[in-house]
Amino acid sequence: MPADMRARLGQAELPNPVLAAAGCAGAGRELAQFVDVARVGALISKSIMAEPRTGNPTPRLAETPSGMLNSVGLQGPGIDAFLQRDLPWLLSRGARVVVSIAGQSVREYAGLAARLSDTAGVTAIEVNLSCPNAEDAGRLFALDPQRAGSVIAVVRGSARYDIPVFAKLSPDVTDIVAVASACVASGADGLSLINTLLGMAIDPGTMRPVLAGKYGGLSGPAIRPVAVRCVWQARAAFPTVPIIGTGGVRTGRDALELLLAGASAIAVGTEIMHDPSACSRVLRELEEELAALGADRVSDVIGQAHGQAGGRVPRGLARRV
Ligand SMILES: Cc1cc2nc3c(=O)[nH]c(=O)nc-3n(C[C@H](O)[C@H](O)[C@H](O)COP(=O)(O)O)c2cc1C
């Protein structure tokens, strides 16, 4: 019998735990040519802001060993166009949509959350905290526990009670548990770990930075060990808080690693750019991994690497310990 793949993100139930990560599947239309969006656990939108934005100047993508750098920036149509055009299209296709929001002030986040609360069909809100705070000299909200917590508090206060709010954190901090703790204390229903790491590439030929914006976010397999570490630390600190694990997932085995570290679901990002059908392939491979372990339910493996019985120990795993 295939394992029960249902996953929970707070109050939301998903048919499976493999999501498309923010910014890597656009608004879903691009992905729909390759996969049935209704079969993706959920699609996390590109971060939506209050107003339309063009993003950063080009070049804004660079390949790096086992990864890539991007400085795309928060390019997008703004909340009005998203609600009028993109969200209805995704819902008409049977997709579950986690809406990622980003703002340059606490007020902007609050306004976005309020707009989403008036809209039917939002599975969860993911709060992208890797955004420059215009009221704090452009410092990212995610780098400061207090500022991150204040965003989560207003989003939780503005969002409808039945929409789970996930705080998406940056790994570019010395103590991710401190930021996670502030977000949980401010009402986050879950954590989304991790966003990209800040990196840079220089072209020795031109002796100049490769990206027009100089710095970019590093993603892909190169960052997976960082994601595993962050998920592990958050799970150890908050064993009951659901986590979306993101960072360098290419295969079902990579997904399993993040689940074992404590993620309740995982999101595939950069790999979608190499293989647009990656979400369905990773799900299939994860099902095979679980079958090999003798797990009846995907929920049985969540957090098992911590060695404490969070749930039943799958038969296969029990034989190994
Ligand atoms: C081109 C690109 C655009 C991204 N845009 C967003 C975004 O809008 N909001 C966000 O929270 N994360 C964004 N991310 C980060 C991803 O959602 C993910 O957290 C990160 O890339 C790590 O996962 P991966 O290694 O599987 O790509 C983006 C990543 C890439 C590569």
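Here is a short report on the structure shown in this document. (Residues numbered from 1 in each chain as written. Predicted model: local features only at pLDDT ≥ 70, side-chain atom pairs only at ≥ 80, totals over all residues. Heavy atoms only, no water.)

1. Here we look at helix α2 (residues 79–92)
Each full turn of the α-helix corresponds to 3.6 residues, which orients residues three or four apart in the same direction.
Part 1 of the argument: With 14 residues, α2 ought to run about 20 Å at 1.5 Å a step, and its terminal C-alpha atoms sit 18 Å apart, in line with that.
Part 2 of the argument: At D86, α2 is deflected by roughly 30°, the largest bend along its length, and proline P88 occurs up to four residues later in sequence.
Part 3 of the argument: Buried positions along α2 lie against α1 (29–32), β4 (43–44), β7 (97–101), α3 (106–117) and β8 (122–128).
Part 4 of the argument: G94 occupies a position one or two residues after α2 and carries a positive phi of about 85°. (Helix = DSSP H or I, 4+ residues; strand = E, 2+ residues; numbered from the N terminus. Expected span 1.5 Å × (residues − 1). Bend = angle between axes of the 7 residues up to and from the residue. Contact = heavy atoms within 4.5 Å.)

2. Here we look at the side chain of K168
Part 1 of the argument: Inspection of the secondary structure puts K168 in strand β11 (residues 165–168).
Part 2 of the argument: Not counting residues within four places of it along the chain, the set of residues in contact with K168 comprises A22, E126, V127, N128, L129, S192, I194 and N195.

3. What about the site of the ligand?
Part 1 of the argument: In the vicinity of the ligand, 22 residues are found, and the nearest of them are A22, S47, G220, G248 and T270.
Part 2 of the argument: K168 is positioned such that a nitrogen or oxygen atom in its side chain is 2.8 Å from an oxygen atom of the ligand.
Part 3 of the argument: Between the ligand and the protein, one listed contact pairs an oxygen atom with a side-chain N or O atom of T270 at 2.6 Å.
Part 4 of the argument: About the coverage of the ligand: the protein hides 96% of its 600 Å² of free accessible area.
Part 5 of the argument: In terms of residue class, the shell around the ligand is built from seven nonpolar, 13 polar and two charged. (Near = heavy atom within 4 Å. Polar contact = N/O pair within 3.5 Å; in protein donor to acceptor, adjacent residues only side chain to side chain. Areas by Shrake-Rupley, 256 points an atom, 1.4 Å probe, with all protein chains shown as cover. Nonpolar A, V, L, I, M, F, W, Y, C, P; charged D, E, K, R; others polar.)

4. With respect to the pairing of β8
In regular strands, side chains alternate between the two faces of the sheet.
Part 1 of the argument: For β8, the tally of buried residues reaches seven of seven residues, placing the bulk of the element in the interior.
Part 2 of the argument: With five bridges joining them, β7 and β8 adopt parallel strand pairing. Bridging from a neighbouring strand, V97 pairs with V122 of β8.
Part 3 of the argument: As paired strands, β8 and β11 are joined by four bridges and run parallel to one another. (Buried < 20%, exposed > 50% of the residue type's maximum accessible area, 1.4 Å probe, protein only. Pairing = 2+ DSSP bridges.)

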